[in-house]
Amino acid sequence: MALLDVCGISDWVKEDTFSSQKASVDRVNHFNFAALEPELAVPIGVDPAEFLKPFTDCEDGVEGVTIKLKHGTTTLAFKFQHGVMVAVDSRASAGSYVDTQLFKKVIEINPYLLGTMSGSAADCVYWERLLAKECRIYKLRNKERISVSAASKLLANMVANYRGMGLSMGTMICGWDKKGPGLYYVDDNGLRLSGNMFSTGSGNSYAYGVMDSGYRYDLTVPEAYDLAQRAIFHATHRDAYSGGTVNMYHMQETGWIKVSQEDVGELYHRFAAEKK
Amino acid sequence: MAARYDRAITVFSPDGHLFQVEYAQEAVKKGSTAVGIRGKDIVVLGVEKKSVAKLQEERTVRKICALDEHVCMAFAGLTADARIVINRARVECQSHRLTVEDPVTVEYITRYIFTNRLKYTHNGRRPFGISALIVGFDYDGTPRLYQTDPSGTYHAWKANAIGRSAKTVREFLEKNYTDEAIASDNDAIKLAIKALLEVVQSGGKNIELAVIRRNQPLKSKEIETLVAEIEKEKEEEAEKKKQKKSS
């Protein structure tokens, strides 16, 4: 646990010659949520953050030699009176090449918790599956589902260990727990924000424009579905790195439901017909 | 043949005992009595205060400790061992608040203490020589009482006692713990005092009491007035019985 390290008490525990040789499964570590012992192996003898510094997108980077990691996608989520709406596109791009139009950018952690993905597909899928594992273990140990704030905190802590090492992930953790609907934005720097409306990815500015012009807290459910769908559609229309289909989920008190999965081409024709 | 199997904690005896753990339980039985009672909206912890020397400051001998605002524990056994457990538990309560953004449930912190102890009994160090009563309220308002012992197991109880004469107190509680007996907060407190008065020699001066009410922090209780009330009630009961006998 974070505080245990600061207080130096974990030094006592490390003295165990028994536990230092055990596999991670056998170690009695109920209470460190994978943040204490990083799951991902890092190259030895090299400090990855220092190594990457000249090549990443920062001020002391070498001119002309930067790895620019763009989050090529559009995802959005907003809270309203009937819960949380989550909508994502489904295009996975590799540079200027479209890998697939049918990528699942929402991970269903449990019936009351969803995570969206934007950024590097590999990073997002890995870390959110790890989060799903920790959520399942939490439920088994504590006999109750993990809260949204705890789940988002776990993810933020896990990823903060690898800060500066080239991860690219912008995700929104949405759920419904004892405290009501929850929405958190977590990204690869370990930033974690609670809020009523977020949009991530290269198309987020288009989505924010549409959402901000139509958002009220007291939207009805059909109005909310329409708003979320339009926001993603307009983003896919203008942003080259978003497209495919619009996947929509609605987080209610009884869990999430998948509202729809519609191809943006068909949406275009539907919205165009409305204008006439 | 206990002598051959009781030197190391890592050795079982032929009939399945871990003697070191059982000896640790004997250490607990020498400690001063503590009683815990779970009421409807209140949890009560009472301990027998050991009489202090004339020149000793009374307040430095504390047997009831708060682990967090809504959880506290009393222990019986080796005080030094208890200090370690309490320190670790306090850090874990705050660590949990930091990582999960919620206060610990009583069951979680009991499980943490028990897991910690297990590391000691399994890794060849000596077990802790304390039993603890952990009481508190969960986030959803349910009152809880747990007892842990040196072997590292824990159980939930409605009312329990540990330490010297724990058996007598537990028998008293089994006879007298009913839903009416704990109907109000004051009744629960009185039950705890009555239970301790069974085994404590010199009455109210040697009892220390602490209560947690839902959504309120730990408070130590002034018991002089309550003890006087209980004495009065006892006298009235005795009077009634005498009258019944004579009539």
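Our structure's up above, just so we're on the same page.
In this text, all values refer to a predicted model and were calculated from it rather than measured experimentally.

On to the side chain of Lys63 of chain B. Residue and element names in this part refer to chain B. With respect to the element layout, Lys63 can be found in the loop between β2 (42-48) and β3 (64-68). The side chain of Lys63 is buried and forms no salt bridge, while Glu48, the nearest opposite charge, is found at 7.6 Å. A distance of 2.7 Å separates a polar atom in the side chain of Lys63 from a polar atom in the side chain of Ser32. A distance of 3.4 Å separates a polar side-chain atom of Lys63 from the backbone oxygen of Phe75.

Once that is clear, we can look at helix α8 (residues 221-238) of chain A. All names here are of chain A. Helix length check: α8 (18 residues) gives 26 Å between terminal C-alpha atoms against 26 Å at 1.5 Å per residue, within 8%. Burial in α8 covers these residues: Ala224, Tyr225, Leu227, Ala228, Gln229, Ala231, Ile232, Phe233, Ala235 and Thr236. Structurally, α8 contributes buried residues whose contacts are with β1 (75-80), β2 (83-88), α7 (204-214), β11 (245-252), β12 (255-263) and α9 (264-275).

Now for a negative patch on the surface. Residue and element names in this part refer to chain B. Residues Glu231, Glu235, Glu236, Glu237 and Glu239 make up a contiguous surface patch of negative charge. Mapping Glu239 onto the fold places it in helix α7 (residues 224-246). A relative accessible area of 43% places Glu239 in the partly exposed class.

This brings us to unusual backbone geometry. Residue and element names in this part refer to chain B. The backbone phi angle of Glu101 is positive, close to 60 degrees, even though this residue is not glycine. Tracing the sequence through the fold places Glu101 in the loop between α3 (79-100) and α4 (106-122). We classify Glu101 as partly exposed; its relative accessible area is 32%. Look at Asn215: it is not a glycine, yet its phi comes out positive at around 65 degrees. With respect to the secondary-structure elements, Asn215 resides in the loop between β9 (207-213) and β10 (219-220).

So, about the environment of Glu233 of chain B. When you line up the elements, Glu233 of chain B lands in helix α7. In the structure, Glu233 of chain B is positioned 194 residues away from Gly39 of chain B in sequence and 21 Å away in space, judged by C-alpha atoms.

We now examine the state of the cysteines. Enumeration over the complete set of coordinates arrives at 0 disulfides over all chains. No disulfide involves Cys65 of chain B; its nearest neighbouring cysteine sulfur is the one of Cys72 of chain B, lying 8.6 Å away.

Here the focus is the packing of aromatic side chains. Overall, the coordinates contain 11 aromatic pairs over all chains when judged by the stated rule. Between Phe78 of chain A and Tyr215 of chain A the ring centres are 5.6 Å apart and the planes differ by 75 degrees, which places this aromatic pair in the edge-to-face class. Here Tyr215 of chain A lies in the loop between α7 and α8 and Phe78 of chain A lies in strand β1, a separation of 137 residues in the sequence. Among the aromatic residues, those joined into a ring-pair cluster are Phe78, Phe80 and Tyr215 of chain A. The positively charged end of Arg145 of chain A is found above the aromatic ring belonging to Tyr112 of chain A, 3.7 Å away from the centroid. For Lys63 of chain B, the ring lying beneath its charged end belongs to Phe75 of chain B, and the centroid distance is 5.2 Å.

Residue and element names in this part refer to chain A. An order of β5-β6-β7-β8-β9 is seen for the 5 strands of this open sheet, with the pairing classed as antiparallel. What marks the edges here is a single partner per strand, and that holds for β5 (106-110) and β9 (192-194). Going from strand to strand, the sheet's axes swing by 20 degrees on average, the running direction of each strand aside. The strands that helix α5 (residues 121-142) touches are β5, β6 (113-116) and β7 (170-177); relative to β5, the one it contacts most, it runs at about 10 degrees. Across the face of the sheet, helix α6 (residues 148-160) comes into contact with β6, β7, β8 (180-187) and β9 while running at roughly 155 degrees to β7.

Residues and elements named next belong to chain A. Among the 8 residues in β7, 8 count as buried, and that is most of the element. On β7, burial covers both faces: Gly170, Met172, Cys174 and Trp176 on one face and Thr171, Ile173, Gly175 and Asp177 on the other are all buried. Taken together, the 3 bridges between β6 and β7 define a ladder with antiparallel strand orientation. Looking at the pairing, Gly115 lines up with Ile173 of β7.

Quick notes on the rules
Residues numbered from 1 in each chain as written. Chains lettered and ligands numbered in written order. Predicted model: local features only at pLDDT ≥ 70, side-chain atom pairs only at ≥ 80, totals over all residues. Heavy atoms only, no water. Helix = DSSP H or I, 4+ residues; strand = E, 2+ residues; numbered from the N terminus. Buried < 20%, exposed > 50% of the residue type's maximum accessible area, 1.4 Å probe, protein only. Lys, Arg positive; Asp, Glu negative; His and termini not counted. Salt bridge = Lys/Arg side-chain N within 4 Å of Asp/Glu carboxyl O. Polar contact = N/O pair within 3.5 Å; in protein donor to acceptor, adjacent residues only side chain to side chain. Expected span 1.5 Å × (residues − 1). Contact = heavy atoms within 4.5 Å. Patch = residues over 30% accessible without salt bridge, like charges linked within 9 Å, V, L, I, M, F, W, Y side chains within 5 Å. Areas by Shrake-Rupley, 256 points an atom, 1.4 Å probe, with all protein chains shown as cover. Charge placed at Lys NZ, Arg CZ, Asp CG, Glu CD. Disulfide = S-S within 2.5 Å. Phe/Tyr/Trp six-rings, centres within 6.5 Å; stacked < 30°, edge-to-face > 60°. Lys NZ or Arg CZ within 6 Å of the ring centre and 35° of its normal. Pairing = 2+ DSSP bridges. Axes fitted to C-alpha atoms, helices over the stretch in contact; angles between N-to-C directions.

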